[in-house]
Amino acid sequence: MLSDFSSKDKIIIPNLQNRDQLFQVLEKQWIEIQNGIDYSYVLIKNSIFQLNEIKKIAKSLFENSSFNWKIHYLINENKNQIEIFSFLNHNDGYLNNLKKDYNYYLNSLNNNLYIKETISSEINSIENQCFSAPRFISYQNNSIVSDAQTRKYDRDLFESKIDVNSYNFFESVHPAYAYQMLRIYHFLEKNNINTSHFIDIGAGPGAALQMLIELLPSYSKIDVIEPSPTAFAYLKERFKNNSFINPIQKGFFDYHPDEPCKLAVSVGSSHHFNTYFLFQHARKILSKDAYLIISDEFISPFSNRRERTKNIISHHISYIFDLIKLGNQDNEFVSSCNDDEIELLRVSHSIYPRIKLEILAGNIENAEGMCRDLLERISIIIDNNLNISNSFLSYYRLSFLELQALVAGIDYDVECKTYVKNLIKMAESQGFSLEHHEKIYTTTSGGNFSSGTHLVCFKKI
């Protein structure tokens, strides 16, 4: 339940009798959010309207306007009462950027490309505010057997905290996951960087690399480094017919190429190990004027563990909310779900928005406790089952992966996030100059260096 502090901010409608009544409440709340309030929570205790009717009323207010609301909202039914959670949309310009780059780089390319399908589905989901999973999302998913399944996980490995099997199957619906690869390609092309031979640091199952090489005009050798046995198994399978990909199962610090390299790329992996050491080792193996490109999730600046916990929760829960808010549509397809999947939907819609309310209200301990409880609860519901009855469930499975990363980040175990300005300081102290920085996707307020997905490009000097 919401804490007493958060409960003070509830807007209660005892008996909703007409559309205008709801319009007036939501319009006032949404204006307040756009003007600086962090959130709104409206509770409708009784109503002449059913849940889907209330969704349509809110949607008509949201869409039937000459202007664009800078709002994200989710409508949920809980114990026969209707809840409306509303927050600021931190990415109101993201769709335009996505479409512009899609049209410039991808529109004329083959429709079967992994990156084109992924970004196309993301555009559709944002534009129509609906679930629109990529067509390659599979309902029946079998994990790849690896040595990791027959031994205890090393606590330093990715899979000790994150379900790598689910990551392989569902990561593609992560906000900006594919778009970051398009922005990396933009930087490479703009600076005329030679990509014939480069290093991929911590490639995971290899989906991001697949999207990047679909864009590259040519390449002759890519050393792909991945220490996780499970991720490495998927990586080898993905590129088994590509002789230019050289998979190497070892940690980055154990990688020593025969000659210095001119380019290294790290996508979503810099926070999985000692980032400061990453720059030290990169300096050893890269040639002068070589580029080190890092695209990853970073949190807002912090100076103590409590601030870091707050920023980690705020960051991940924003990604999650941006996924599950797509559930505002009339979910007729829910009838295809089994009982466990329906329970996953129910607890996701009920508890994730509450966690976001709690953290925005400054109730860090409450939010952390709810995250840990929910992690345990959903773990029982999913029970390592990789199969889904409908592709829209991939958004909820990805949300659970974000929750795993969130809790691991609080514990600072495997997930060791820093903030962008600190990353830049580390790099500069080890002889790298900042060549380019852009925030690709925003998860909290606070400007260009706050939480979100960032692309940070360095040159060895």
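Residues numbered from 1 in each chain as written. Predicted model: local features only at pLDDT ≥ 70, side-chain atom pairs only at ≥ 80, totals over all residues. Heavy atoms only, no water.

### Here we look at the overall build of the protein chain
- Broken down by element type, the protein chain carries 15 helices and eleven strands.
- At 22 Å, the protein chain has a C-alpha radius of gyration in line with the 23 Å of a compact globule built from 461 residues.
- Here the C-alpha coordinates of the protein chain stretch approximately 75 × 45 × 40 Å along the principal axes.
- Burial status across the protein chain gives 59% buried among its 461 residues.
- Of the contacts formed within the protein chain by residues at least 6 apart in sequence, a portion of 75% connects residues at least 24 apart.
- Per element, the accessible surface of the protein chain, about 20,000 Å² overall, is 45% carbon and sulfur. (Helix = DSSP H or I, 4+ residues; strand = E, 2+ residues; numbered from the N terminus. Rg over C-alpha atoms; globule rule 2.2 N^0.38 Å. Buried < 20%, exposed > 50% of the residue type's maximum accessible area, 1.4 Å probe, protein only. Contact = heavy atoms within 4.5 Å. Areas by Shrake-Rupley, 256 points an atom, 1.4 Å probe, with all protein chains shown as cover.)

### Regarding the pattern of salt bridges
- Taken as a whole and judged by the stated rule, the model has 16 salt bridges.
- Measuring nitrogen to oxygen at the nearest pair gives 3.9 Å for the salt bridge that ties E343 to R377. Pair noted here: E343 is in helix 12 (residues 339-360) and R377 is in helix 13 (residues 364-382), with a separation of 34 residues, a long-range link.
- Where E368 meets R372, a salt bridge forms, and the shortest distance between an N and an O atom there is 3.1 Å. Taken as a pair, E368 and R372 lie in helix 13 at a separation of four residues, close to a single helical turn.
- On the basis of relative accessibility, which here comes to 22%, the residue E368 falls in the partly exposed class. (Salt bridge = Lys/Arg side-chain N within 4 Å of Asp/Glu carboxyl O.)

### A look at the layout of surface pockets
- Counted as a void, the second largest pocket has a volume near 770 Å³.
- As for the second largest pocket, its lining consists of 36 residues, of which N89, L95, I126, E127 and Q129 are closest to the centre.
- Top element by residues in the lining of the second largest pocket is helix 5 (residues 114-128). It accounts for six residues.
- In terms of residue class, the lining of the second largest pocket is made up of 16 nonpolar, 13 polar and seven charged. (1 Å grid on protein atoms, 1.4 Å probe; cavity = no way out; pocket = protein on both sides within 12 Å on 5 of 7 lines; lining within 4 Å. Points joined across faces, edges and corners; volume = space filled by probe spheres on them. Nonpolar A, V, L, I, M, F, W, Y, C, P; charged D, E, K, R; others polar.)

### Here's the deal with the sheet that holds strand 3 (residues 71-78)
- Ordered by their spatial adjacency, four strands build an open sheet running 1-2-4-3, and the pairing between neighbours is mixed. Single-partner strands in this sheet number two, and they are strand 1 (10-13) and strand 3. Across the sheet, the mean angle separating the axes of adjacent strands is 20° when strand polarity is ignored.
- Where strand 1 lies against strand 2 (residues 39-44), four bridges are found, and the strand directions are parallel. (Pairing = 2+ DSSP bridges. Axes fitted to C-alpha atoms, helices over the stretch in contact; angles between N-to-C directions.)

### Considering the nonpolar core
- Residues I115, I119, I184, I293, Y352, I355 and I378 are the most contacted members of the largest nonpolar core, which totals 109 residues.
- Setting aside residues up to four positions removed in sequence, I115 forms contacts with L106, A178, M181, L182, M211, E214 and L215.
- Membership of the second largest hydrophobic core comes to 25 residues, among which are C261, A264, L278 and M426. (Core = buried A, V, L, I, M, F, W, Y, C linked by side-chain atoms within 4.5 Å.)

### Description of the side chain of H174
- Mapping H174 onto the fold places it in the loop between helix 6 (164-170) and helix 7 (179-190).
- The exposure class of H174 is buried, given its relative accessible area of 4%.
- Within the structure, H174 has its side chain in polar contact with the side chain of E297 (distance 3.2 Å).
- In contact with H174, not counting residues within four places along its chain, are E297, Y319, L398 and E402. (Polar contact = N/O pair within 3.5 Å; in protein donor to acceptor, adjacent residues only side chain to side chain.)

### A few points about the packing of aromatic side chains
- Applying the stated criterion to the full structure yields 27 aromatic pairs.
- Taking the centre distance of 6.1 Å and the plane angle of 50° together, the rings of F252 and F253 count as tilted.
- On the accessibility criterion, F253 (32% relative accessible area) is partly exposed.
- Arranged with centres 5.5 Å apart and planes meeting at 85°, the rings of F279 and F458 form a pair that is edge-to-face. (Phe/Tyr/Trp six-rings, centres within 6.5 Å; stacked < 30°, edge-to-face > 60°.)

### Quick word on the pairing of strand 11 (residues 452-460)
- When you tally the buried positions in strand 11, you get eight out of nine residues, the bulk of the element.
- Both strand 9 (residues 286-298) and strand 11 contribute to a ladder of eight bridges, which runs antiparallel. Across the sheet, residue S295 finds its bridge partner in strand 11, namely L455.

### Some points on helix 12
- Here helix 12 spans 32 Å end to end across 22 residues, near enough to the 32 Å set by a 1.5 Å rise per residue.
- At S348, helix 12 shows its maximal kink, close to 30°.
- Here helix 12 lies mainly inside the structure; 16 of its 22 residues are buried.
- The N-terminus of helix 12 is capped by N338, whose side-chain oxygen sits 3.1 Å from the backbone nitrogen of D340. (Expected span 1.5 Å × (residues − 1). Bend = angle between axes of the 7 residues up to and from the residue.)

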